[in-house]
Amino acid sequence: MPYVYLILAVVTCSSSSICGKLFHRQVGACRDSGIFYNFMLLVSVFIGWGVLFAVNPSFDASVLIYSALFAACYAACQFGTIQALKHGPATLTALFNSLSLILTAIWGLIFWDAALTVLVVLGLVLVVCSITLCVYTKSNEEKSISVKWLFYVTLAFLGNAGCSIVQRTQQMQYGGQHGNMLMLFAMGLCALLYLVIYLRSDKSDTKPMLKHSGWVPVCAGVCNLILNLMAILMASTDLSPSLIYPLIGVGGLSIVTVFSLLVFKEKMSPRQWLGVAIGAIAVVLLSL
């Protein structure tokens, strides 16, 4: 059974990039599609965490500050991710989200007294190499990246790292307690924020998006919930974290890459593919 949890975690880890790219392919030039997507996704995730919280309720008012911080980081990550998927390759977007581990590792070295091992140093160096190869392209190369993609993926990169830092800090401070509460209130704040943004947006394309593609962000939200649930279940098994997290990171990236090549027909330069390969190794080293 633990390996079933692991397989489900690997599959659902890829859902954010795949669903986001698929949604943009379906809705085309619909107005404010990113706002609609994130609103639908966050409502789905909020409902899911509400169910988990009802099953295992706990409350501590002091956790609300962590929920607010997590909500801010998650909202930034989701906004950056869905926009980056609109303006650039799914594989590179998924890779940069995974490489946000570099900021978590640096934070751990400074504030969590994490050990500076040879593997960590090598992982940090490889992250820098991977980002450089993926971002820097020669002027005569066909598949260069856009400034818009770089801005949005940086926002997603920072937001994802912030989510990891806030969540881990909260769990360390409270002895692993109130995790469901943290996520429920964080997702509630995010959903409320996007409700306000959605109500102020151009809603003229909502009906066709809801009719033809409304299931996509809902599917992404359900997969997000399953991923977190699998992580919780695997924590109570005898699977080693040094096996779980590298496999989830690299496995999810591999699935996105397959979809990028075979379904979305995206192309990248050889330099960028080398960056993806080096980045996958970096993810493994930083997850050990």
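Look up a bit, the structure's there.
Residue indices follow the written sequence of each chain, beginning from 1 at its first position. With pLDDT at 70 or above as the cut-off, local features in this predicted model cover only qualifying residues; side-chain atom pairs require 80 or more to be listed or tallied, and sums for whole chains, interfaces and linings still use all residues. The side-chain numbers reported here are obtained from all heavy atoms of the structure, hydrogens and water having been left aside.

**Looking at the overall build of the protein chain**
Part 1 of the argument: Secondary structure is summarised from DSSP: a helix means a run of H or I of at least four residues, a strand means a run of E of at least two, and numbering begins at the N terminus for each. For the protein chain, the helix and strand inventory stands at 13 helices and zero strands.
Part 2 of the argument: Helices and strands appear in the protein chain in the N-to-C order α-α-α-α-α-α-α-α-α-α-α-α-α.
Part 3 of the argument: The atom set for the radius of gyration is the C-alpha atoms, and the globule formula is 2.2 Å times the number of residues raised to the power 0.38. Here the C-alpha radius of gyration of the protein chain, 19 Å, is about what a compact globule of 288 residues would show, namely 19 Å.
Part 4 of the argument: Dimensions of the protein chain along its principal axes, counting C-alpha atoms only, are 55 × 55 × 35 Å.
Part 5 of the argument: Taking all 288 residues of the protein chain together, the buried fraction comes to 49%.
Part 6 of the argument: Note on definitions: a residue-residue contact is assigned when non-hydrogen atoms from the two residues lie within 4.5 Å. A separation of at least 24 residues holds for 89% of the contacts in the protein chain among residues at least 6 apart in sequence.
Part 7 of the argument: Averaging the positions of the 15 positive and the 9 negative side-chain charges in the protein chain gives two centres separated by 11 Å. For every residue, the accessible area obtained with a 1.4 Å probe (protein chains only) is divided by the maximum for its type, and the residue is called buried under 20%, exposed over 50%, and partly exposed between those limits. Positive residues here are Lys and Arg, negative ones are Asp and Glu, while His and the chain termini are left out of the count. Charge positions come from single atoms, namely NZ of Lys, CZ of Arg, CG of Asp or CD of Glu.

**Focus on the pattern of salt bridges**
Part 1 of the argument: Take a side-chain nitrogen of Lys or Arg and a carboxyl oxygen of Asp or Glu: if they are within 4 Å of each other, that pair is a salt bridge. On inspection of all chains with the given rule, the structure shows three salt bridges.
Part 2 of the argument: Put simply, Glu266 and Lys21 hold a salt bridge, and the shortest N to O gap is 3.1 Å. In this pair, Glu266 is assigned in the loop between helix 12 (241–262) and helix 13 (270–287) and Lys21 in helix 2 (residues 15–27), connecting sequence segments 245 residues apart. Side by side, Glu266 and Lys21 carry an identical accessibility label, which is buried.
Part 3 of the argument: Two residues, Arg31 and Asp202, come together in a salt bridge whose shortest N-O distance is 3.7 Å. One end of the pair, Arg31, is in the loop between helix 2 and helix 3 (33–55); the other, Asp202, is in the loop between helix 9 (179–199) and helix 10 (206–213), with 171 residues separating them in the sequence.
Part 4 of the argument: Under the relative-accessibility criterion, Asp202 is labelled partly exposed at 35%.
Part 5 of the argument: Members of the salt-bridge network, linked through shared partners, are Arg31, Asp202 and Asp205.

**So, a nonpolar patch on the surface**
Part 1 of the argument: Patch membership is restricted to residues that have no salt bridge and whose relative accessible area is over 30%. Joining uses 9 Å for like charges and 5 Å for the nonpolar side chains Val, Leu, Ile, Met, Phe, Trp and Tyr. Accessibility throughout is a Shrake-Rupley quantity obtained with a 1.4 Å probe, and a residue counts as covered only by protein chains that appear here. Among the surface-exposed residues, Val258, Phe259, Leu261, Leu262 and Val263 lie close enough to one another that they form a single nonpolar patch of about 430 Å² accessible area.
Part 2 of the argument: Take Val263: it is sitting in the loop between helix 12 and helix 13.
Part 3 of the argument: We classify Val263 as partly exposed; its relative accessible area is 47%.

**What to know about the environment of Glu266**
Part 1 of the argument: Here Glu266 falls in the buried class, since its relative accessible area comes to 11%.
Part 2 of the argument: Residues Glu266 and Thr91 lie 175 residues apart in sequence; the distance between their C-alpha atoms is 8.7 Å.
Part 3 of the argument: What Glu266 contacts, discounting residues up to four positions off in sequence, is Lys21, Arg25, Gly88, Pro89, Ala90, Thr91, Ser260 and Leu261.
Part 4 of the argument: Side-chain polar atoms of Glu266 contact the backbone nitrogen of Ala90, separated by 2.9 Å. The definition of a polar contact used here is a pair of N or O atoms within 3.5 Å, where within protein one atom must be able to donate a hydrogen and the other to accept one, and adjacent residues in sequence count solely through side-chain atom pairs.

**So, unusual backbone geometry**
Part 1 of the argument: A positive phi angle is found at Asp32, which is not glycine, with a value near 50°.
Part 2 of the argument: Relative to the helices and strands, Asp32 is located in the loop between helix 2 and helix 3.
Part 3 of the argument: At His178, a position not held by glycine, the phi torsion is positive, near 65°.
Part 4 of the argument: The topology assignment puts His178 in the loop between helix 8 (147–173) and helix 9.
Part 5 of the argument: The class for His178 is buried, based on a relative accessible area of 15%.

**Here's the deal with the packing of helix 3 against helix 4 (residues 64–87)**
Part 1 of the argument: Interhelical geometry of helix 3 versus helix 4 gives an angle of 135° and a closest axis separation of 10 Å. Classified by the angle between their axes, helix 3 and helix 4 sit oblique to one another. Classified by chirality, the crossing of helix 4 by helix 3 is right-handed. Residue-level inspection shows Gly34, Tyr37, Asn38, Leu41 and Leu42 of helix 3 in contact with helix 4, the latter providing Tyr74, Gln78, Phe79, Ile82 and Gln83.
Part 2 of the argument: When residues are grouped by polarity, Ala, Val, Leu, Ile, Met, Phe, Trp, Tyr, Cys and Pro land in nonpolar, Asp, Glu, Lys and Arg in charged, and all others, Gly among them, in polar. Grouping the amino acids of the contact of helix 3 with helix 4 by side-chain chemistry returns six nonpolar, four polar and no charged. Axes here refer to lines fitted to C-alpha atoms; in helices the fit is confined to the stretch in contact. Angles between the N-to-C directions go from 0 to 180 degrees. Convention used here: angles under 35 degrees read as roughly parallel, angles over 145 as roughly antiparallel, angles from 65 to 115 as roughly perpendicular, and any remaining angle as oblique. Should the near helix be turned anticlockwise from the far one by less than a right angle, the crossing is left-handed, and should it be turned clockwise, the crossing is right-handed.

**Side note on the environment of Ala71**
Part 1 of the argument: As for its placement among the helices and strands, Ala71 is situated in helix 4.
Part 2 of the argument: It is 20 Å that separates the C-alpha atoms of Ala71 and Gly20, two residues lying 51 residues apart in sequence.

**Topic: the packing of aromatic side chains**
Part 1 of the argument: Classification of ring pairs rests on two measures: the distance between centres of Phe, Tyr or Trp rings, Trp counted by its six-membered ring, which must be within 6.5 Å, and the angle between planes, read as stacked under 30 degrees, edge-to-face over 60 and tilted in between. Taken as a whole and assessed by the stated rule, the structure comprises eleven aromatic pairs.
Part 2 of the argument: An angle of 65° between the planes, with centres 5.3 Å apart, marks the rings of Phe151 and Tyr152 as edge-to-face.
Part 3 of the argument: A residue is classified by how much of its surface remains accessible, and Phe151, at 52% relative accessible area, is exposed.
Part 4 of the argument: Relative to Phe264, the ring of Phe259 has its centre 6.4 Å away and its plane inclined at 45°; by these criteria the two rings are tilted.
Part 5 of the argument: Connected via pairs of aromatic rings, a cluster forms that spans Phe23, Phe36 and Tyr37.

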